[in-house]
Amino acid sequence: MPVQDPLEQEKEKLQKIIAEVKEGVIIVDPEQKITLMNKSAEEITGHGLVEALGKPIWHVLTLLYNEKEVKPDTYCPVSSIKLEGIVYEKDNLTLVDKKEEIKVVNLKVQKMKDGMEMGVGCILTIEDTFAQSELERMKLDFVAMSVHVLRTPLSILKGYLSYLTKKETLQKLNETEADYLKNSVVSTDELVYLVDNLLDLTELQASGFRISPIPLDLDKAVQSVVYEFKPFADAKMLEIIYAPSLSELPLVYADATRLKIVLRNLIGNAIKFTNEGSVEIIVAQESSDFLKVTVKDTGRGIPEKNLPHLFKKFYRVKEALEMETGRGLGLYVSKEIVGSHGGKIGVESKEGVGSTFWFTIPVYKERK
Ligand code: ADP
């Protein structure tokens, strides 16, 4: 039996590994001629390995950026200077494949330290953004569909429960039964809140975070949300303070429905996590381009170590897990919404003293 050269064995092993990489990998020699291509690269470019081997890289890769061709010398420089590491990295390049179909790809090109000696010019990694987003889309569609299906029975349940909590019905129940009923109402409200946040998140993601902004009066939007929450603040004997700003503020350019979701999340949280004192909302001019909304509470505050994680998906402060209902989605959704408007969101908090959440939203600029 012929003994295989250990070097050959290593080469075979390496080729097998590269074949498994989910991104497209193309290796070219110092003259930019193709020496290796994995399966994903074949799929992305539409060119088979056998026909591509030994051909110049431009034979399989046609890349454009802002409708201008990106030349091989740009992404894989043949220079006498010894380069190593990543020599080119660009997202959202247009790739024209063999069938002249267009794909959007992210490209990363690396050079190796001893590449020249090993006959390796550049190692190209190509990521097909569509293949990725297709999977994401399927996942989102599934979540969106499930959430939609949940919304209807939940609304019905909420309707019946609200009917049952009317005074005359409650009077017919003993104390324990009345408590059970009240708890059911709170849990149903939480579910509705969660489903609404999930719905908005999936819709926002499915639309590629595109929003429908209109010029609108931020003071009025805040006023209507404060009005919605007044009964909740009253029930906890909290003061809810909001005075429209004294100076006349410019209109903002925002998606009205989504702006309200952010306001509801911040004001709702402030009430939920405060047992004594007040919740104050301030609207002010941040700069000529942005207005700022601040929601300040005198609640239990947030430990410093948790602050950097607050706006992550499904993050909840540990102590909150045992105490209140909620799913750690509101702040994440709010961050996504504010971000898609071009604004910023943040928090300052001190344990035992209170929290101040704020966000900025762009001012409407009339086009001349
Ligand atoms: P949810 O309130 O549904 O759990 P959020 O994303 O809105 O989800 O909030 C995440 C976590 O941040 C909350 O669970 C809570 O621990 C903390 N948090 C948010 N707002 C406040 C606040 N005003 N005061 C204290 N803790 C807060």
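Since we're looking at a predicted model, the values are computed, not measured.

Asks: Sorry if this is basic, but what is going on with the packing of helix α10 (residues 256-272) against helix α12 (residues 330-341) here?
Replies: Between two packed helices, what matters for the description is the angle formed by their axes and the separation of those axes. In the contact formed by α10 and α12, the axes pass within 9 Å of each other and the chain directions differ by 145 degrees. α12 is crossed by α10, and the crossing has left-handed handedness. Contact residues: α10 offers Arg-258, Ile-261, Val-262, Asn-265, Leu-266 and Asn-269, while α12 offers Gly-330, Leu-331, Val-333, Ser-334, Ile-337 and Val-338. Classifying every residue of the contact of α10 with α12 by side-chain character gives 7 nonpolar, 4 polar and 1 charged.

Asks: Hey, could you run me through helix α9 (residues 218-235) in this one?
Replies: Helical geometry note: an α-helix holds 3.6 residues per turn, so side chains three or four residues apart project in the same direction. Across its 18 residues, α9 extends 26 Å between first and last C-alpha, which sits within 8% of the 26 Å expected from 1.5 Å per residue. At Phe-229, α9 is bent by approximately 45 degrees, the largest bend along its length, and proline Pro-231 sits one to four residues beyond. Regarding α9, its N-cap is Asp-217, as a side-chain oxygen of that residue lies 3.0 Å from the backbone nitrogen of Asp-219 further along.

Asks: Would you mind going over the nonpolar core with me for this structure?
Replies: Soluble globular proteins tend to bury their nonpolar side chains together. Core analysis: the biggest nonpolar cluster contains 48 residues, and Leu-218, Leu-259, Ile-267, Ile-281 and Phe-359 have the highest contact counts within it. Sort the elements by how many residues they give to this core and α10 lands first, with 8 residues. Dropping the residues within four chain positions of it, Ile-267 is found in contact with Val-225, Val-226, Phe-229, Ile-240, Ile-281 and Val-295. Of all hydrophobic cores here, the second largest spans 23 residues; its members include Ile-57, Leu-63, Tyr-88 and Ile-126.

Asks: How should I be thinking about the sheet that holds strand β14 (residues 354-362) in this particular structure?
Replies: Backbone hydrogen bonds hold the strands of a sheet together, and the pairing may be parallel or antiparallel. The 5 strands are arranged β9-β11-β12-β14-β13 in an open sheet whose pairing can be described as mixed. One side of each edge strand has no neighbouring strand; the edge strands of this open sheet are β9 (239-242) and β13 (345-350). Across the sheet, the mean angle separating the axes of adjacent strands is 15 degrees when strand polarity is ignored. Judged from the 7 bridges that link them, strand β11 (residues 278-285) and strand β12 (residues 290-297) form a sheet pairing that is antiparallel. Within β12, the residue paired with Gln-285 across the bridge is Leu-291. Contacting β9, β11, β12 and β14, α10 crosses the sheet at an angle of about 170 degrees to β14. Those strands touched by α12 are β13 and β14, and its axis lies near 30 degrees from that of β14.

Asks: Would you mind going over the pattern of salt bridges with me for this structure?
Replies: Under the definition given, this model contains 12 salt bridges. A salt bridge links Asp-289 to Lys-365; its shortest N-O distance comes to 2.7 Å. Within this pair, whereas Asp-289 is found in the loop between β11 and β12, its partner Lys-365 is found in the segment after β14, the two being separated by 76 residues in sequence. Residue class for Asp-289 comes out partly exposed when judged on its relative accessible area of 37%. With relative accessibility at 47%, the residue Lys-365 sits in the partly exposed group.

Asks: Where do I start with the packing of aromatic side chains in this structure?
Replies: All chains considered together, the criterion is met by 4 aromatic pairs. Taken together, a centroid distance of 5.3 Å and an interplanar angle of 35 degrees make the contact between Tyr-253 and Tyr-364 tilted. In this pair, Tyr-253 sits in strand β10 (residues 252-254) while Tyr-364 sits in the segment after β14, placing the two residues 111 residues apart along the sequence. Taken together, a centroid distance of 6.3 Å and an interplanar angle of 70 degrees make the contact between Phe-311 and Phe-357 edge-to-face. Here the residue Phe-311 occupies a position in the loop between β12 and α11 (318-323), and Phe-357 occupies one in strand β14, the gap between them amounting to 46 residues. With respect to burial, Phe-311 and Phe-357 carry one shared label: buried. Against the face of Tyr-65 rests Lys-90, its NZ or CZ located 4.6 Å from the ring centre.

Asks: What's the story with the environment of Lys-99 in this structure? I'm lost.
Replies: The residue Lys-99 is located in the loop between β5 (85-96) and β6 (102-111) in this model. In this structure Lys-99 comes out as exposed when scored by relative accessible area, which is 67%. Residues Lys-99 and Thr-45, spaced 54 residues apart in sequence, show a C-alpha to C-alpha distance of 8.8 Å.

Asks: Sorry if this is basic, but what is going on with the side chain of Asp-128 here?
Replies: Considering the arrangement of structural elements, one finds Asp-128 in strand β7 (residues 122-128). Buried within the structure, Asp-128 lacks any salt-bridge partner; Lys-103 is the closest side chain of opposite charge, at an N-O distance of 5.0 Å. Excluding residues within four positions of it along the chain, Asp-128 makes contact with Ile-44, Lys-103, Val-104 and Val-105.

Asks: Please explain a nonpolar patch on the surface as it appears in this structure.
Replies: A contiguous nonpolar patch, built from Phe-142, Val-143, Met-145 and Val-149 and spanning about 400 Å² of accessible area, is present on the exposed surface. When you line up the elements, Val-149 lands in helix α6 (residues 129-164). Given a relative accessible area of 57%, Val-149 falls into the exposed group.

What counts, and at which threshold
- Residues numbered from 1 in each chain as written.
- Predicted model: local features only at pLDDT ≥ 70, side-chain atom pairs only at ≥ 80, totals over all residues.
- Heavy atoms only, no water.
- Axes fitted to C-alpha atoms, helices over the stretch in contact; angles between N-to-C directions.
- Helix = DSSP H or I, 4+ residues; strand = E, 2+ residues; numbered from the N terminus.
- Left-handed = near helix turned anticlockwise from the far one by under 90°.
- Contact = heavy atoms within 4.5 Å.
- Nonpolar A, V, L, I, M, F, W, Y, C, P; charged D, E, K, R; others polar.
- Expected span 1.5 Å × (residues − 1).
- Bend = angle between axes of the 7 residues up to and from the residue.
- Polar contact = N/O pair within 3.5 Å; in protein donor to acceptor, adjacent residues only side chain to side chain.
- Core = buried A, V, L, I, M, F, W, Y, C linked by side-chain atoms within 4.5 Å.
- Buried < 20%, exposed > 50% of the residue type's maximum accessible area, 1.4 Å probe, protein only.
- Pairing = 2+ DSSP bridges.
- Salt bridge = Lys/Arg side-chain N within 4 Å of Asp/Glu carboxyl O.
- Phe/Tyr/Trp six-rings, centres within 6.5 Å; stacked < 30°, edge-to-face > 60°.
- Lys NZ or Arg CZ within 6 Å of the ring centre and 35° of its normal.
- Lys, Arg positive; Asp, Glu negative; His and termini not counted.
- Patch = residues over 30% accessible without salt bridge, like charges linked within 9 Å, V, L, I, M, F, W, Y side chains within 5 Å.
- Areas by Shrake-Rupley, 256 points an atom, 1.4 Å probe, with all protein chains shown as cover.

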